[in-house]
Amino acid sequence: MDQQNKLWLTMLLVFLLSAAFLVGCGGQSTAQPEAGASGGESAGTNANAGGGAEERVFQTPGGEFRIKGIPKRVVGLSIESLDSMVALGVEPVGMALPPTGVPEYLQEGLKNTTSVGDRREPNLETILSLQPDLIVMEDNFSAAIKDELQKIAPTLSYRANSWEEAMENHILLGDILGKKQEAEAFVSEFKAKLDEVKGKAAGNVSAMAMYMIGDEYAMWLDNSFVGSLLTALGADYALKQSELTSEESAGENKELASESRFVKLNLEKLIELNPQVLFLMSNKDDLISEKLKGNPVWSKLDAVKNGRVYEVDRNIWSRGRGPIAAKLIVEQAPPLLYPEVFKQ
């Protein structure tokens, strides 16, 4: 082959290879869902939120939820959602807080997160300035606030009233954030720990949890977040919703029992139930036991007589309701319920 023919052959090969490359790049490809974004009816993509990302659909406690892509700038307006995000290794851009500030157990994971005010009345202007692509709130916010939040970004609402609901919500949020596998792994480990404790637990101990709203006694029911956890740990939870009298479940208590899983009762009712172990959900600088120390009714309780009244962190045992809070309760409660089996 002469030199001129070799040159033409080389040019032809270059042309063919270039054409093949351009066809490969210009052809359409099928978007694959991210491993963690496969909700029951989800049509997830690898794309980030916004832009040309495909819409993803999830079935949630509040109904159908739609969002484009994987959100990257999330505002959490409940401790449960913040708890869940910290568990997933996701730092939100904004957070609403209780009056006591950032819960101590979540501080490390939220150290760079901007406060958007009180969780009951978040500052909408601050939220807007953070340019979120997802807002997560409790489902008991007013419709007016939710409507305003929806104008800023897709808004997801839920609230756990039991540990099972907390874990379902964790998997849901993990799915939306593209971290479903991580969420499912957490839940699997948590359930294994529950089974381990229950397998060792002695049982046959009655327990109950309460806190105070002003001067009123708020007593958690057996199907509440903390009640369901103590029951799962083998305790006989003293205050059962199914055993409330018609008077105890009437009026304000009817709504409280339905929506929040607690009721307001007097100390005489506590004496009637007389749990062997009593957990008081206090703020660090406002201990309930100190308020009740001089009350003659209080001193009649077996738990008080036997030194089995325990002050616990209200942010973890009451306000949190997230996966990390549930895990911490499962670590903290067994030595207090079954000191003969579990050492502190």
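Residues numbered from 1 in each chain as written. Predicted model: local features only at pLDDT ≥ 70, side-chain atom pairs only at ≥ 80, totals over all residues. Heavy atoms only, no water.

Undergrad: I keep staring at the overall build of the protein chain and nothing clicks. Help me out?
TA: Each helix and strand in the protein chain was counted, giving 13 helices and 13 strands. The buried share of the protein chain, reckoned over its 344 residues, is 49%. Pairs at least 24 residues apart make up 59% of the contacts formed inside the protein chain by residues separated by at least 6 positions. Looking at the protein chain as shown, the accessible area adds up to about 17000 Å², and 50% of this sits on carbon and sulfur atoms. (Helix = DSSP H or I, 4+ residues; strand = E, 2+ residues; numbered from the N terminus. Buried < 20%, exposed > 50% of the residue type's maximum accessible area, 1.4 Å probe, protein only. Contact = heavy atoms within 4.5 Å. Areas by Shrake-Rupley, 256 points an atom, 1.4 Å probe, with all protein chains shown as cover.)

Undergrad: Looking at this structure, how should I read the environment of Glu64?
TA: Counting through the fold element by element, Glu64 comes out in strand S2 (residues 63–68). With a relative accessible area of 46%, Glu64 lands in the partly exposed category. Expressed as a C-alpha distance, the spacing of Glu64 and Leu156, which sit 92 residues apart in the sequence, is 9.7 Å. Glu64 has contacts with Val57, Phe58 and Gln59, leaving out every residue within four places of it along the chain. Within the structure, Glu64 has its side chain in polar contact with the side chain of Arg66 (distance 2.9 Å). (Polar contact = N/O pair within 3.5 Å; in protein donor to acceptor, adjacent residues only side chain to side chain.)

Undergrad: Sorry if this is basic, but what is going on with the pairing of strand S8 (residues 206–213) here?
TA: Along a regular strand, successive side chains alternate from one face of the sheet to the other. Within S8, seven of the eight residues are buried, which leaves the element mostly enclosed by the surrounding structure. Alignment of S8 against strand S10 (residues 236–237), held across two bridges, turns out to be parallel. For Ser206, the partnering residue across the bridge sits in S10 and is Asp236. Where S8 meets strand S9 (residues 216–220), four bridges bridge the pair, whose relative direction is antiparallel. For Met212, the partnering residue across the bridge sits in S9 and is Tyr217. (Pairing = 2+ DSSP bridges.)

Undergrad: I'm lost on the sheet that holds strand S5 (residues 114–118) in this one. Help?
TA: Backbone hydrogen bonds hold the strands of a sheet together, and the pairing may be parallel or antiparallel. Within the open sheet, the five strands sit side by side as S5-S4-S3-S6-S7. Their pairing is parallel. Here the strands that pair on one side only, and so sit at the sheet edges, are S5 and strand S7 (155–157). Taking the axes of each pair of neighbouring strands and ignoring which way they run, one obtains an average angle of 20° across the sheet. Two elements, strand S6 (residues 134–137) and S7, share three bridges in a ladder whose sense is parallel. Each residue of the ladder has a partner; that of Ile135, found in S7, is Thr155. (Axes fitted to C-alpha atoms, helices over the stretch in contact; angles between N-to-C directions.)

Undergrad: Help me understand the confidence of the model for the protein chain, please; the structure alone is not making it clear to me.
TA: Low-confidence regions, as indicated by low pLDDT, have predicted coordinates that should not be scrutinised in detail. Looking at the protein chain, pLDDT values average 86 and 85% of them are 70 or higher. Confidence drops under pLDDT 50 across residues 1–49; counting only partners more than four residues distant or on other chains, this segment forms 57 contacts. (pLDDT = per-residue confidence, 0-100.)

Undergrad: What exactly am I supposed to notice about the environment of Lys193 here?
TA: For Lys193, the location among the structural elements is in helix H6 (residues 180–200). Residue class for Lys193 comes out partly exposed when judged on its relative accessible area of 35%. Measuring from C-alpha to C-alpha, the distance between Lys193 and Glu331 comes to 9.0 Å, with 138 residues separating the pair along the chain.

Undergrad: Would you mind showing me how to read the nonpolar core here?
TA: Among soluble globular proteins, nonpolar side chains are generally buried collectively. Grouped together as the largest cluster of nonpolar side chains are 89 residues, with contacts concentrated most on Leu134, Leu230, Phe279, Trp317 and Leu337. What Leu134 contacts, discounting residues up to four positions off in sequence, is Phe65, Ile67, Pro71, Arg73, Val74, Val75, Ala153, Pro154, Leu156, Leu173, Ile176 and Leu177. The next biggest cluster of nonpolar side chains, apart from the first, holds twelve residues, and it includes Val116, Ile127, Ile135 and Leu149. (Core = buried A, V, L, I, M, F, W, Y, C linked by side-chain atoms within 4.5 Å.)

Undergrad: Help me out: how do you make sense of the side chain of Arg119 in this one?
TA: Within the fold, Arg119 resides in the loop between S5 and helix H3 (124–129). Its relative accessible area of 12% is what places Arg119 among the buried residues.

Undergrad: It is not clear to me how the packing of aromatic side chains should be interpreted in this structure. Could you clarify?
TA: Geometrically, a pair of aromatic rings is defined through the distance of the ring centres and the angle of the planes. Overall, the coordinates contain seven aromatic pairs when judged by the stated rule. Ring centres 5.7 Å apart and planes at 70° place the aromatic pair Tyr211 and Phe262 in the edge-to-face group. With Tyr211 in strand S8 and Phe262 in strand S11 (residues 262–265), the pair connects residues that are 51 residues apart, well separated along the chain. Exposure class is identical for Tyr211 and Phe262. Each is buried. With 5.3 Å between their ring centres and 70° between their planes, Trp220 and Phe262 make a pair best called edge-to-face. Here Phe262 lies in strand S11 and Trp220 lies in strand S9, a separation of 42 residues in the sequence. In this pair, the class of Trp220 matches that of Phe262, namely buried. Through successive ring pairs, a cluster of aromatic residues spans Tyr211, Trp220 and Phe262. (Phe/Tyr/Trp six-rings, centres within 6.5 Å; stacked < 30°, edge-to-face > 60°.)

Undergrad: Mind showing me how you'd approach the pattern of salt bridges here?
TA: It is possible for side chains of opposite charge to pair when their charged atoms get near one another. Following the criterion strictly, the structure yields 18 salt bridges and no others. For Glu138, the salt bridge goes to Arg119, with nearest N and O atoms at 3.6 Å. Taken as a pair, Glu138 in the loop between S6 and helix H4 (143–152) and Arg119 in the loop between S5 and H3 lie far apart in primary sequence, 19 residues in all. Accessibility assignment for this pair places Glu138 and Arg119 in one class, buried. Here Glu248 and Lys269 are joined by a salt bridge, their closest N and O atoms 3.0 Å apart. A residue pair is termed long-range when its members are at least 10 positions apart, and Glu248 in the loop between S10 and helix H8 (252–259) and Lys269 in helix H9 (residues 267–273) qualify at 21 residues. Under the relative-accessibility criterion, Glu248 is labelled buried at 14%. (Salt bridge = Lys/Arg side-chain N within 4 Å of Asp/Glu carboxyl O.)

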